[in-house]
Amino acid sequence: MSDNSTLLNDQSLEFLERYLNNASPTGYEWEGQKLWMDYLRPWVDEFFTDTYGTAVGVINPDAKYKVVIEGHADEISWYVNYISDEGLLYVIRNGGSDHQIAPSKRVNIHTKNGIVEGVFGWPAIHTRRSPGSEEQAPKPDNIFIDVGCDNKAEVEKLGVHVGCVITYPDTFSVLNGNKFVCRALDNRMGGFMIAEVARLLKENGKTLDFGLYIVNSVQEEVGLRGAQMIAERIQPNVAIVTDVTHDTHTPMIDPKKEGSNKMGAGPVIAWAPAVQNRLRERILDVAEKGNIPFQRVAKSRATGTDTDSFAYSNTGVASALISLPLRYMHTTVEMVQREDVENVIRLIYETLLNIKDGETFSYFD
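Below or above, wherever it landed, is the structure these notes cover. (Residues numbered from 1 in each chain as written. Predicted model: local features only at pLDDT ≥ 70, side-chain atom pairs only at ≥ 80, totals over all residues. Heavy atoms only, no water.)

**Digging into the nonpolar core**
Then, in step 1: In this structure, Trp36, Ile69, Leu212, Ile214, Val341 and Leu352 are the most contacted members of the largest nonpolar core, which totals 80 residues.
Then, in step 2: Among the elements that make up this core, the one with the highest residue count is helix 4 (residues 185-203) (10 residues).
Then, in step 3: Listed in part, the 19 residues of the second largest apolar core include Val107, Phe120, Ile143 and Val147. (Core = buried A, V, L, I, M, F, W, Y, C linked by side-chain atoms within 4.5 Å. Buried < 20%, exposed > 50% of the residue type's maximum accessible area, 1.4 Å probe, protein only. Helix = DSSP H or I, 4+ residues; strand = E, 2+ residues; numbered from the N terminus.)

Written out as structure tokens, the structure reads:
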């Protein structure tokens with residue numbers, strides 16, 4: 001980007017850490033949305049929110065032609081599902097939480113009285129296997145949380161009840177100078193990156209001849225629900241969605257099945273039925289002319305991201321997906337590379353500068 005060679009500044013990184021460290025489980029995103037809106041406020045003309053918590057910053061709100069850039073705000077979590085007479089908590093998923101990483105993890109249980117701390121307990125290795133039998137593995141129905149209580153009444157006295165949401169307290173760190181590590185990079189990195197696009201537009205004095213809607217959607221992890229709702233409200237002409245995708249060059253992943261994408265090699269541009277081809281080609285042209293590195297991924301019936309909700313909303317919205325390569329998805333040590341983050345920001349920013357008011361991206365023009 002010729003007019004801003006250093007994309008992420010100290011203010012950006014300070015916000016990123018605060019934003020990631022705050023818990024925003026699916027259905028309970030509003031505290032994170034408040035942080036995001038406070039950060040975005042200097043660079044947009046107005047905000048609006050919807051009933052379930054999706055937040056939207058708008059530049060040029062009176063413009064008829066509308067372009068969306070979007071990420072999702074929610075993180076996977078657990079719900080308290082059952083409290084035993086012995087005071088142990090059994091759980092169900094809120095989104096795609098991985099039961100295999102749960103044992104020995106600390107947790108925060110969110111109650112009306114504040115956070116109650118607990119741990120996912122697990123029997124010692126000495127006790128999990130009898131001679132001649134197979135060792136027990138963690139399963140959704142045998143993992144449990146211990147909050148240090150002796151019975152159900154003690155648990156309830158703490159304010160814990162069925163329906164309380166549970167998150168991991170793991171916080172932001174940096175490995176080897178340029179690897180960002182945290183839970184919930186999926187996909188608060190998306191909200192962060194689109195906010196940075198708005199910042200750069202303002203700081204670089206760029207004016208757009210269309211309305212830009214910077215959308216941080218809720219409830220992606222349970223079926224793209226927030227995007228579905230907000231797409232109907234905004235009724236955009238164009239939507240550029242950013243989410244994370246798998247770095248397939250780590251152990252136990254087959255690139256022949258999952259595609260070949262690698263952290264550090266640039267944004268991943270998607271081919272899929274929901275991706276409007278002429279819009280995607282515009283993004284590719286921008287990347288090639290701007291010397292922005294990129295990778296490709298093919299999706300089958302659906303992208304599995306909010307792209308699908310926007311694309312098939314209203315009477316059809318020209319939509320595209322730019323993804324950030326990520327390792328260890330849906331764990332507490334999700335990892336991305338700073339240069340990829342900067343290049344996703346750069347690619348969205350430059351693409352916006354190459355969209356003109358009234359473009360239909362029609363195949364028949």
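**What to know about the packing of helix 4 against helix 9 (residues 338-352)**
Two packed helices can be described by the angle between their axes and the distance between those axes.
Then, in step 1: For the pair helix 4 and helix 9, the least separation of the axes is 9 Å and the interaxial angle reads 50 degrees. Between helix 4 and helix 9, the crossing angle belongs to the class labelled oblique. Both helix 4 and helix 9 take part in a crossing whose hand is right-handed. Of helix 9, the residues touching helix 4 (which contributes Met189, Phe192, Met193, Glu196, Val197, Leu200 and Leu201) are Val341, Val344, Ile345, Ile348, Tyr349 and Leu352.
Then, in step 2: Among the residues forming the contact of helix 4 with helix 9, the class breakdown is 12 nonpolar, no polar and 1 charged. (Axes fitted to C-alpha atoms, helices over the stretch in contact; angles between N-to-C directions. Parallel < 35°, antiparallel > 145°, perpendicular 65-115°, else oblique. Left-handed = near helix turned anticlockwise from the far one by under 90°. Contact = heavy atoms within 4.5 Å. Nonpolar A, V, L, I, M, F, W, Y, C, P; charged D, E, K, R; others polar.)

**Overview of the packing of aromatic side chains**
Then, in step 1: If you walk through the whole model with that rule in mind, you get 12 aromatic pairs.
Then, in step 2: Ring centres of Phe15 and Tyr19 lie 5.1 Å apart, and the angle between their planes is 15 degrees; this geometry places the pair in the stacked category. With Phe15 and Tyr19 both in helix 1 (residues 10-21), this residue pair falls 4 residues apart, about one helical turn. Each of the two residues, Phe15 as well as Tyr19, counts as buried. (Phe/Tyr/Trp six-rings, centres within 6.5 Å; stacked < 30°, edge-to-face > 60°.)

**A few points about the pattern of salt bridges**
Then, in step 1: Applying the stated criterion to the full structure yields 14 salt bridges.
Then, in step 2: Here Glu203 makes a salt bridge to Arg199, at a shortest N to O gap of 2.8 Å. Here Arg199 and Glu203 lie together in helix 4, a separation of 4 residues that amounts to about one turn.
Then, in step 3: Residue Arg199 is classed as buried on the basis of its relative accessible area of 1%.
Then, in step 4: Of the charged contacts in the structure, one is a salt bridge between Arg338 and Glu342, with a shortest N-O distance of 3.3 Å. Of this pair, Arg338 and Glu342 are both found in helix 9, 4 residues apart, which corresponds to roughly one turn of the helix.
Then, in step 5: Classification of Glu342 as buried rests on a relative accessible area of 15%.
Then, in step 6: Here the salt bridges do not stand alone but share partners, grouping Glu75, Arg183 and Arg188 into one network. (Salt bridge = Lys/Arg side-chain N within 4 Å of Asp/Glu carboxyl O.)

**Brief notes about the sheet that holds strand 4 (residues 77-83)**
Then, in step 1: Ordered by their spatial adjacency, 6 strands build a closed barrel running 4-5-8-7-6-9, and the pairing between neighbours is antiparallel. If you compare each strand with its neighbour and ignore which way they point, the axes differ by 45 degrees on average.
Then, in step 2: Here strand 4 pairs with strand 9 (residues 165-167) via 2 bridges, running antiparallel. Across the sheet, Tyr79 pairs through a bridge with Val165, a residue of strand 9. (Pairing = 2+ DSSP bridges.)

**Here we look at the pairing of strand 7 (residues 114-121)**
Then, in step 1: Two elements, strand 6 (residues 106-111) and strand 7, share 6 bridges in a ladder whose sense is antiparallel. For His110, the partnering residue across the bridge sits in strand 7 and is Ile115.
Then, in step 2: Taken together, the 3 bridges between strand 7 and strand 8 (residues 144-146) define a ladder with antiparallel strand orientation. Paired with Phe120 across the two strands is Ile145, which belongs to strand 8.

**Overview of helix 1**
Then, in step 1: A rise of 1.5 Å per residue sets the reference length of helix 1, with its 12 residues, at 16 Å; its end C-alpha atoms lie 17 Å apart and thus fit the reference within 8%.
Then, in step 2: Looking only at helix 1, the buried set comprises Ser12, Phe15, Leu16, Tyr19 and Leu20. Considered in projection along helix 1, the buried side chains sweep an arc of 125 degrees and stay on one side of the axis.
Then, in step 3: The elements touched by buried residues of helix 1 are helix 2 (30-40), strand 11 (179-182), helix 4 and strand 12 (211-217).
Then, in step 4: Two or three places before Gln11, at the opening of helix 1, Asn9 has a side-chain oxygen 3.1 Å from that residue's backbone nitrogen. (Expected span 1.5 Å × (residues − 1). Arc of directions from axis to C-beta. Polar contact = N/O pair within 3.5 Å; in protein donor to acceptor, adjacent residues only side chain to side chain.)

**Thoughts on unusual backbone geometry**
Most peptide bonds take the trans form, and the phi angle of most residues other than glycine is negative.
Then, in step 1: Residue Asn187 is reached from Asp186 by a cis peptide bond, and omega for that bond is 0 degrees.
Then, in step 2: Inspection of the secondary structure puts Asn187 in helix 4.
Then, in step 3: The phi dihedral of Gln219 falls on the positive side, at around 60 degrees, and the residue is not glycine.
Then, in step 4: The exposure class assigned to Gln219 is buried, which follows from its relative accessible area of 15%.
Then, in step 5: The phi dihedral of Asn291 falls on the positive side, at around 55 degrees, and the residue is not glycine.
Then, in step 6: Take Asn291: it is sitting in the loop between helix 7 (277-289) and strand 15 (295-298).

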